[in-house]
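Analysis of the macromolecular model
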Amino acid sequence: MKKNIILFTVCIIFCSFSIYTRNNFSQLVDESLNDYSLNAPEKIYVHTDKPYYSLDENIWFTSYLVDGITHEKSTKSWVIHVELIDEKDSIVSKKKLFTNNISAAGDFRIGKDWKSGKYLLRAYTNYMRNYSSDYFFKKEINILSLEKKDSIEGIPQAKNKDIKTIDDFKQIKPDLHFYPEGGDLVKGIRSRVAIKVKNIGTNDINLSGEIYNSNNEVVSEFKTTTFGLGIFTLKPEPNQAYHAKLIFNGVEYEYPIPNAIPDGHTLEVANSEGELLVDVRSNRHNGLYNTYLVLHQRGKLVFSKFQHRVEANYTLKIPTNDLKDGVAHLTLFDASGNPTCERLVFVSNDNNKGTIEINESKKSLGNRQKQTLNILTKAHNGDVLPSRLSMSIRDLNAFPYSKYHKNIKTYLLLNSDLRGAIENPGYFFNGKDELKKLHLLDLTMLTNGWRRFTWKDILYNKEWHQFEPEKGIYISGKIRKLQSPYNPVPAASTRLTFYNENIAQEPIKKTDAMGNFEYGPFIFFDSVQTIVESRTSHFKSKDDIHRNLHITISHNDNSPEISRTNIFKDNQNEGIQLENFLKINKYIRKLNFEINKKRERLEEVMVIAQLESEAEKRTEELNNRTNHGITTHRLDFEVDFFDSGQNLIEAIGSGAIPGVNAYESPNGTTVVSIRGNSVPPLVLLDQIPINIGILSKMHTTEVSFIDILKGADATFYPRSSGGVIAIYTKTGERTTNELLRMAKRKPGIIDFAAQGFYTAKEFYAPDHINGFDEFAEEDVRTTLHWEPKIVVNSDFGKDISFFTSDTDSDYLIEIQGVSESGIPLHAITTFSVE
């Protein structure tokens, strides 16, 4: 009796400990998912104007930065790093972009002397570096050479190098892979097994076969369909092994089925409209006791169930109407806390649907005619869906398009969350959710794994985040003694001053124990002249001994290690398509060559006729002072007559240059417009941007010459949609530069140009109405138009206008973007030019 009481007490204690442990584990899972959702990785998608390029072209792109769970605007980072990497993993160009509202525009210039090949466009935030580089956005960019006569350099090889002839195709063995639902087959429990044919060339052929047991008896049958996907059911019996057989091109092939485990759990899910029907089973003696079922979507906990009773199975319904579209992840943990069953499902709700309406003024146009588009984004109920978009319009002869290709929707909802390649993911988002597409999408979930995190890492390997989100640009450095041994100076006073349009000085800061200082975050673009000063005591001291310090500025631009896994590839790289693209680009290069030759011959005639001309020498001298070189509109204050009492507003507005208006309004505001443009021009003083109001404070006696840049000439400079007024002083130096040179003569001070965020160049679009750009003779463009930032937030939508070129063809309009509520958007349409 006494022994029975002791035994009973031990059992009670053990059970209590077990319940306590299980409650602790479920709490650990819930808290870990909550921590992950609060600190989730961000996602980036980059929309480029076209899938491949030739040398000496621009890559136009828009980057979209979103929260990794909601796909809404990220609340962490405001800084995007975009890099272009060659085949030798060397970064050939990099841009730092700023966005506090989802999207940021950028561009890369492909050099004439670059090598052709497969380049990598990579985008990430500093915060994303806390996780695997697999989470970075990486896109393959094919850059092609026009020099090869006999072959096309840079064209990728066929996807399956083994298939070169029909005989090769007949001899290839289909590569079948089997995926039991939930993870494992379990003896005595009927389960579904998904099939995927992985080798290219056979996955588009419908295969059929049978499943045999050890007695060579047929126990099941299967068929594969689109994308090489299929499914069958199987109930493994004791002392039996299973294999599949099929006949392909007259040859019989055999494949082993994964062995069933003797005891365990199974997880079966039916993705019904608005809910998940979940069936959980076990053949263990204590059944599902102490198991824990969890459902999360991109790391956010949606549903959980802890099993307190000994049961062999249970079924339940999980509503999905309130979930966002995308991949959801079910996991069943066994009594020991191990993830024993896992299943991915794709949630698709009508409430989450958004559409882009593209209304064209004409479906068919002639050459050099104006096309106007009205772009409107709508939610499922017809209301306006505030969104940020980008648009590319390109020649379909150069870039054939398939509606099954990858885009921002397929990337955010599928590719970014799944392991393995998804062939033609656009298929699943084209048109309505038909039964076949839903069935194939579910098979895709069965044959691909979740890749955002592993349970081991999220539960037990939590790491401190080394890389913080960036909100702007930081200027940092170190203060050391000027004499050997050059020790760091703690508690030194530092002061930072910006010299731009206005002088701005930051509050004084002290260095830390290691002599380090940091200012920021700042938001500025291009470059700003900057001074950093330091003293051992305070800045009121006039004693030079307090400034015997050496200042170094940190350059925090180290890029993370380069990895070529999980690369986003456009499925548009067939050789014949690239042939068409190269033919058009060769024609464009030939036209440009002929135009340049005509210009050169004209210049030769002018040089011969005016070689000794003083005016010619003067023009060459002034051209050499500018970055843009030759201009068609120039005011030379040292040669031509101007009233010495005039300020620059009066001189510019005197009518000397047609189409330029300049005046001071009655309230003292400086107004300048070029060709009636409502956007104020960019004003440069010796190549440095200044406030337009300074024009009224400068006089003609201080200036050597002024260049006015319009239209295509102005696009040399960023932020120049309103034109450019470039002022050059007689000395060529600004007062601030003189101060900087004087400052260099003493220690304890340093000057430099602080690099700001990159400002994207403006895509040059000819204006064929006004005739200003008609000198181009031939207008041939593979990218007809690129619009990097389209903001839709009203019932009126957004109007975009452009001109057609001289190429008769069909053109594709492709728009991609994200709504403010986190809905990825994609739409295409076409028009023709005849």
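Structural data are supplied above this passage.
Report on the accompanying structure. (Residues numbered from 1 in each chain as written. Predicted model: local features only at pLDDT ≥ 70, side-chain atom pairs only at ≥ 80, totals over all residues. Heavy atoms only, no water.)

Side note on the environment of Phe98
Using the following cut-off: Helix numbers and strand numbers start at the N terminus; a helix is a DSSP run of H or I with at least 4 residues, a strand a run of E with at least 2. Note on exposure labels: buried denotes an accessible area under 20% of the residue type's maximum, exposed denotes more than 50%, and partly exposed covers the range between, all computed with a 1.4 Å probe on protein chains only. Note on contacts: a residue pair qualifies if any of its non-hydrogen atoms lie within 4.5 Å across the two residues.
Within the secondary structure, Phe98 sits in strand β5 (residues 91-98). Residue Phe98 is classed as buried on the basis of its relative accessible area of 15%. Spatially, the C-alpha atom of Phe98 lies 7.5 Å from that of Gly472, the residues being 374 residues apart in sequence. When neighbours within four sequence positions are excluded, Phe98 is seen to be in contact with Trp78, Ala104, Lys471, Ile523, Phe525 and Phe757.

Examining the nonpolar core
Rule in force here: What we call a nonpolar core is a set of buried Ala, Val, Leu, Ile, Met, Phe, Trp, Tyr and Cys residues that are connected through their side-chain atoms within 4.5 Å.
Membership of the largest hydrophobic core comes to 34 residues, with the highest contact counts inside it found for Ile44, Ile59, Val82, Leu121 and Phe137. Contributions of two or more residues to this core are made by β1 (42-48), β3 (58-67), β4 (79-85), β6 (103-109), β7 (117-124), β8 (137-144) and α3 (408-415). The biggest single contributor to this core is β3, with 5 residues. Not counting chain neighbours up to four residues away, the residues in contact with Ile59 comprise Thr48, Asp49, Tyr53, Leu84, Gly106, Asp107, Phe108, Ile110, Leu121 and Ile141. Formed by 33 residues, the second largest nonpolar core is a distinct cluster that contains Tyr179, Phe333, Leu414 and Leu446.

Looking at the sheet that holds strand β9 (residues 176-180)
The cut-off we apply is this: Two strands pair under a simple rule: DSSP has to find at least two bridges between them. All axes here are fitted lines through C-alpha atoms, helices being fitted over the stretch that makes contact, and every angle between N-to-C directions spans 0 to 180 degrees.
In spatial order, the strands read β9-β10-β13; together these 3 strands make up an open sheet with antiparallel pairing. Each having just a single partner strand, β9 and β13 (229-234) make up the two edges of the open sheet. For this sheet the average axis-to-axis angle between neighbouring strands, irrespective of direction, equals 25°. Its contacts with the sheet place helix α4 (residues 435-446) against β9, β10 (191-197) and β13, and it is angled at close to 75° to β13.

Considering the packing of aromatic side chains
Going by this rule: Between the rings of Phe, Tyr and Trp (Trp by its six-membered ring), a pair exists once the centres lie within 6.5 Å; its type follows the angle of the planes, with under 30 degrees stacked, over 60 edge-to-face, and the other angles tilted. Throughout this description, the term charge over a ring refers to an Arg CZ or Lys NZ atom that lies within 6 Å of the ring centre and within 35 degrees of the ring normal.
For the structure shown, the criterion picks out 33 aromatic pairs. Here Tyr292 and Phe306 contribute two aromatic rings whose centre-to-centre distance is 6.3 Å and whose plane-to-plane angle is 55°, an arrangement assigned as tilted. You can see Tyr292 sitting in strand β18 (residues 292-297) and its partner Phe306 sitting in strand β19 (residues 300-306), a full 14 residues away along the chain. The residues Tyr292 and Phe306 share a single accessibility class, namely buried. Among the aromatic residues, those joined into a cluster by ring pairs are Phe25, Tyr36, Phe333, Phe453 and Trp455. Over the ring of Phe539 we find Arg495; its NZ or CZ atom is 4.0 Å from the centre of that ring.

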